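Each chain is listed here by its residues.
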Amino acid sequence: MALRRPHDMMAMFSMASMTDVIFLLLIFFMVTSTFVFPTALEVNLPQSSEQTAIKPGTRVYIDKEHRLYASFGNEEPQAIEPEALLAFLQLAQKSEPESFIAIYADEEVPYGKIVEVLDMGARNNLKMVLATKPTQTTPSAAANPQPLQ
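Reading the values: the criteria
- Along each chain, the written sequence defines residue order, and numbers are assigned to residues from 1.
- The model is predicted, so local features are restricted to residues of pLDDT at least 70 and side-chain atom pairs to those at 80 or more, both for listing and for counting; the totals for chains, interfaces and linings are taken over all residues.
- Computation of side-chain values: all heavy atoms of the structure, hydrogens and water removed.
- The term salt bridge refers to a side-chain nitrogen of Lys or Arg lying within 4 Å of a carboxyl oxygen of Asp or Glu.
- Three exposure classes are used, based on accessible area relative to the maximum for each residue type with a 1.4 Å probe and protein chains only: buried under 20%, partly exposed in between, and exposed over 50%.
- Every helix listed is a DSSP run of H or I at least four residues long, and every strand listed is a run of E at least two residues long, numbered separately from the N terminus.
- Whenever a nitrogen or oxygen atom comes within 3.5 Å of another N or O atom, the pair is scored as a polar contact, on the condition that within protein one atom can donate a hydrogen and the other can accept it, and that pairs from neighbouring residues in sequence are kept only if both atoms are in side chains.
- When DSSP finds at least two bridges between two strands, those strands are taken to pair.
- Contacts were defined at the residue level, with two residues in contact if any of their heavy atoms lie within 4.5 Å.
- Every angle, taken between N-to-C directions, lies between 0 and 180 degrees, and every axis is a line fitted to C-alpha atoms, over only the stretch in contact when it is a helix.

**Student:** Explain the pattern of salt bridges here, please?
**Tutor:** Two side chains of opposite charge can pair, provided their charged atoms sit close to one another. Counted according to the given criterion, the structure contains 3 salt bridges. Between Asp63 and Arg67 there is a salt bridge; the shortest N-O distance is 2.9 Å. The exposure class assigned to Asp63 is buried, which follows from its relative accessible area of 6%. Here Arg67 falls in the partly exposed class, since its relative accessible area comes to 45%. Residue Glu65 is joined to Arg67 by a salt bridge in which the shortest nitrogen-to-oxygen separation is 3.1 Å. Here the salt bridges do not stand alone but share partners, grouping Asp63, Glu65 and Arg67 into one network.

This is the structure:
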C-alpha cells in the first residue's frame, strides 16, 4: 500500500458538500426572513391643501385608539406612555435642535387629544407640526371654485 502525499489529499477534496451546506443556509435565511413582519401603524391622516417637503426628525403617532407611538430619525415607531412623551421629545430636540417634530394623528382622534400634544410642545419650546395628506381635487371642482357664502 502506497502512502499518499499531502498534495494528493488536496486533490481529493470535493466542494460538493460545502455547496450543499451553503445552499441549506441560504434556504434557511430566506425562509426565516419571511417570518419577520415590519411594524406598521395604520394612521389615516386628515387632508390638507398645504404641504411641506421638509422631513421631520422626530415623529409622534396617535392611532384611532388614542395610543401614542414615537420614533426618532428612521427608527420604527415604538409605543410610549403619555408621561414619557415629553422627556423623549426634549431628548430628540437636544440631539437635533434644527429639526422639528411631526404629529401623525388619525382623523378619528378627537381634536382635544391633538391639542394636548401640541400644547405640551408649545409650553416646552418644541417646534411641532401636524402632518396631513394632500387633498384630492377633482378637475371640475378646481375649474369651478364655489364662492364663500
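Structure's up, so let's keep going.
**Student:** I tried to follow the environment of Arg67 on my own but got confused; where do I start?
**Tutor:** Following the sequence through the fold, Arg67 ends up in the loop between β2 (58-62) and β3 (68-72). Through-space distance from the C-alpha of Arg67 to that of Glu81 is 8.2 Å; in sequence the pair is 14 residues apart. A polar atom in the side chain of Arg67 sits 3.1 Å from the side chain of Glu65.

**Student:** Teacher, can you tell me more about the sheet that holds β3 here?
**Tutor:** Spatially, 5 strands are ordered β4-β3-β2-β5-β6 in an open sheet, and the strand pairing comes out mixed. The open sheet has two edge strands, β4 (78-79) and β6 (128-130), and neither has a second partner. As judged from the 5 bridges shared by β2 and strand β5 (residues 101-105), these two strands associate in the parallel manner. Across the sheet, residue Arg59 finds its bridge partner in β5, namely Ala102. Set on the sheet, helix α3 (residues 82-95) makes contact with β2, β3, β5 and β6; between it and β3 the angle comes to about 15°. Across the sheet, helix α4 (residues 111-123) lies against β2, β5 and β6, angled at about 160° from β6, the strand it touches most.

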